[in-house]
Amino acid sequence: MEVWGGIECTINRLGDEYFDQLAFAGHYGREADIPKIVGLGIQRIRYPVLWETHQPEREAIIDWSGTAAALEEFRHNGVGVIAGLVHHGCGPVYVNLTDNSFEKGLADYAYLVAERFPWLEYYTPVNEPLTTARFCGLYGLWHPHKKTDETFLRILMSECRATRAAMKAIRKVNPQAKLIQTEDLGETHCTPFLRSQANFENQRRWLSMDLLCGKVNPTHPLWEYITENGISPQELEEIAGEPCMPEIYGVNYYITSERYLDENLEIYPEHTHGGSGSVRYADVEAVRSPNAVLSGVDMLLRAAFDRYNIPVALTEVHLHCGREDQLKWLMQIDFKARRLEAEGVNMVAITAWSLLGSFGWRNLLTTGFEDYEPGAFDLSKGLLRPTALADLVQAIATGETYAHPAVQGRGWWETTGRFAYGSNDFKVPKTDALGRPVLIIGEDLHHTEIYESILDGRRLAYKTVESAHSLESYKQVKLLINKLNPWSIICLVSAKDIKTTNFLFKVSDEINKMSKHVAQQWKTQARSNGDTEGISRFRSARARPEEYAGRYGGQKCDQLPIMIIKTGRAWKNVEDQKTKRETANQVIDLLIDGESGYLDHNGYILYKK
């Protein structure tokens, strides 16, 4: 099973305005992105060659230079490219998603892409057609902002025909070109009263693949629904008669992909209320309801493989949460995918998605595009900074063992803390904080309590030393670290405690140097034994702290990141509790990433070089 990567590249349209994720990310003007992505060791990359970007005007001369440079660099470094042509988009302004101009236009553009890059083998002409059709035609979130079954079905038919036409055009240039069709795959759960609605939605989730694979005929469960909402039998017969079977079914699974329907509206906030016809119900994330038992990604992947009997890949794996849970999510997905592969499912790959992070998805790309969530790299300060997730992606891609002291116990999606609606007797066993602690040092009770509260919520162990005044010598600092064996330190200090911070950094630097020395010794030994896998495996001393033989006193030889929080007057006067908590969460994420630095009175994080 391979490990792929992908960058969130949606260009969605709201009214007459287009919103470009890669422009928000600054990707177009930053040459460092491609080498750093290549450095992850992934085998393939889902990379955008988007229609709206390259041909915004009809008959315009296309400037391929930026894309060509990126694709050639991937090619030169042995990273295969899966070219995406439309990603949650509706095409340039001169085509209409609801008529055949979209189909013809995308086919013409796809031919130009194949002509310019004849070596490209894998394509995704339209990403998640069913999801895009729902958001554009059924929910009214994106252009053309309609809310009817007829528009939803018309858009979906247009996207599927355009996919078929695009692959035909591409194969005129490269007959060996292959289709990787991506689609969000979840499951709808419900109360007994709403079983009929859930059954309908669980049939509808397959509709884009069923259309492409020629499965929609008069015996299809949704035939009547489709033909009663504007799609003629002749249109369905035509697409079934000339199917476009994907070589790989790309499943995109998120923690919110599984839904729960409940007619008891009083339990749920108004924004979750919806319905079908005269029946009103709440539609919420199944993971947030104690009444839902999730199927999980492994069961859904098996269902997809059994239904179509073609290879499957997880083409988007991402979770917006604390860094430790991002790590747990990817590790869990990787484990389940490999178990399926061992059980006979043709699992091609898992894909670390949103390598550069994403903007505005909390509001489904309708508002709030300043709301950024990082991925393997964090762009929040304008620089491409690798996170702990990048280390994990690299470890999985290169076959290394990965461990991190913050990755202990269950993910948030497996705890009772996940429940937001309703209640019953179903309980997930409570998981106490496990593993080595975060050491909190400080005399500022208010800030100490904020960090303790957040670490409790994130199920991370910690120890608190109430005052830095008791750590007035290097020896005292060293003894404390040896005794508690923390994996990171948060030091809340005033100006008079700077001496303590200097001692902390001195101990940290010595531990980091020894960590590198131990790793280098192991690499040298592996090299002398001809163990090339060992050379790679011991690249990072931080990756496997529990296995290092060298010790510094009682401290294992891995990195000891430290964040110094200056609790001066200006910072104390910040009244916005949300900002304080967001900053504290950011500090914890940085520590998990192995970063050290300072937080000044204005709350700005400065990294220690």
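Cut-off values and rules
- Residues numbered from 1 in each chain as written.
- Predicted model: local features only at pLDDT ≥ 70, side-chain atom pairs only at ≥ 80, totals over all residues.
- Heavy atoms only, no water.
- Pairing = 2+ DSSP bridges.
- Helix = DSSP H or I, 4+ residues; strand = E, 2+ residues; numbered from the N terminus.
- Axes fitted to C-alpha atoms, helices over the stretch in contact; angles between N-to-C directions.
- Contact = heavy atoms within 4.5 Å.
- Phe/Tyr/Trp six-rings, centres within 6.5 Å; stacked < 30°, edge-to-face > 60°.
- Buried < 20%, exposed > 50% of the residue type's maximum accessible area, 1.4 Å probe, protein only.
- Lys NZ or Arg CZ within 6 Å of the ring centre and 35° of its normal.
- Arc of directions from axis to C-beta.
- Core = buried A, V, L, I, M, F, W, Y, C linked by side-chain atoms within 4.5 Å.
- pLDDT = per-residue confidence, 0-100.
- Left-handed = near helix turned anticlockwise from the far one by under 90°.
- Nonpolar A, V, L, I, M, F, W, Y, C, P; charged D, E, K, R; others polar.

Peer 1: For the sheet that holds strand β12 (residues 279–285), give the residues involved together with the corresponding values.
Peer 2: Taken in spatial order, the four strands of this open sheet run β8-β10-β12-β11, and their pairing is mixed. Unpaired on one side and paired on the other, β8 (188–190) and β11 (273–276) mark the two borders of the sheet. Direction aside, neighbouring strands of the sheet carry axes that sit 40° apart on average. In the sheet, β11 pairs with β12 via four bridges, with the strands oriented antiparallel. By the bridge assignment for β12, Ser 276 is matched with Val 279. Packing against the sheet, helix α8 (residues 195–204) makes contact with β8, β10 (259–262), β11 and β12, and its axis sits at approximately 175° to β8.

Peer 1: So, the packing of aromatic side chains: which residues are in play, and what are the values?
Peer 2: All chains considered together, the criterion is met by 20 aromatic pairs. Ring centres of Tyr 47 and Phe 74 lie 5.4 Å apart, and the angle between their planes is 65°; on these two criteria the pair is classed as edge-to-face. Placement of Tyr 47 in strand β4 (residues 44–48) and of Phe 74 in helix α4 (residues 65–76) is noted, with a sequence separation of 27 residues between them. The exposure class assigned to Tyr 47 is buried, which follows from its relative accessible area of 7%. Residue class for Phe 74 comes out buried when judged on its relative accessible area of 0%. Taking the ring centre of Phe 152 as reference, the NZ or CZ of Arg 204 above it sits at 5.9 Å.

Peer 1: Tell me about the pairing of strand β6 (residues 122–127), and please be specific about residues and values.
Peer 2: With six of six residues buried, β6 is to be regarded as a mostly interior element. Across five bridges, the pairing between strand β5 (residues 80–87) and β6 is parallel. Looking at the pairing, His 87 lines up with Asn 127 of β6. Relative to strand β7 (residues 178–184), β6 runs parallel, the two being bridged by two bridges. If you follow Tyr 122 over to β7, its bridge partner there is Lys 178.

Peer 1: How would you summarise α8 if you had to cite specific residues and measurements?
Peer 2: Those residues of α8 that fall on the buried side of the exposure criterion are Gln 197, Ala 198, Glu 201, Asn 202 and Arg 204. What you see down the axis of α8 is that its buried residues fit within an arc of 160°, all on one side.

Peer 1: Pulling in residues and values, what's your account of the nonpolar core?
Peer 2: If you look at the biggest cluster of nonpolar residues, it comprises 146 residues, and the most contacted ones within it are Leu 106, Tyr 123, Tyr 249 and Leu 314. The dominant element in this core, judged by the number of residues it contributes, is helix α7 (residues 149–173), at 10 residues. Dropping the residues within four chain positions of it, Leu 106 is found in contact with Trp 51, Leu 85, Val 86, Pro 125, Val 126, Ala 162 and Ala 166. In terms of nonpolar packing, the next biggest core, distinct from the first, is built from 19 residues, Ile 481, Phe 503, Ile 562 and Ile 564 among them.

Peer 1: Any chance you could break down the confidence of the model for the protein chain for me, citing the residues and the numbers?
Peer 2: When the pLDDT values of the protein chain are averaged, the result is 88; 86% of them are 70 or greater. Contacts for the low-pLDDT stretch residues 424–431, under 50 throughout, to residues beyond four places or in other chains number 15 contacts. In this model residues 531–557 is a low-confidence stretch, pLDDT under 50, and it forms 77 contacts with partners more than four residues away in sequence or in other chains.

Peer 1: Which residues make up the environment of Asn 199, and what are the values?
Peer 2: Checked against the element boundaries, Asn 199 lands in helix α8. Asn 199 gets classed as partly exposed once you look at its relative accessible area, which sits at 39%. Separated by 12 residues in sequence, Asn 199 and Glu 187 place their C-alpha atoms 9.5 Å apart.

Peer 1: For the packing of helix α15 (residues 445–457) against helix α20 (residues 577–592), give the residues involved together with the corresponding values.
Peer 2: One way to put it is that α15 packs onto α20 with a least axis distance of 10 Å and a crossing angle of 60°. Our pair here, α15 against α20, has a crossing hand that is right-handed. Residues His 446, Ile 450, Tyr 451, Ser 453, Ile 454 and Leu 455 of α15 form the contact with α20, whose own contacting residues are Gln 577, Lys 580, Arg 581, Ala 584, Asn 585, Val 587 and Ile 588. Broken down by class, the residue content of the contact of α15 with α20 amounts to seven nonpolar, four polar and two charged.

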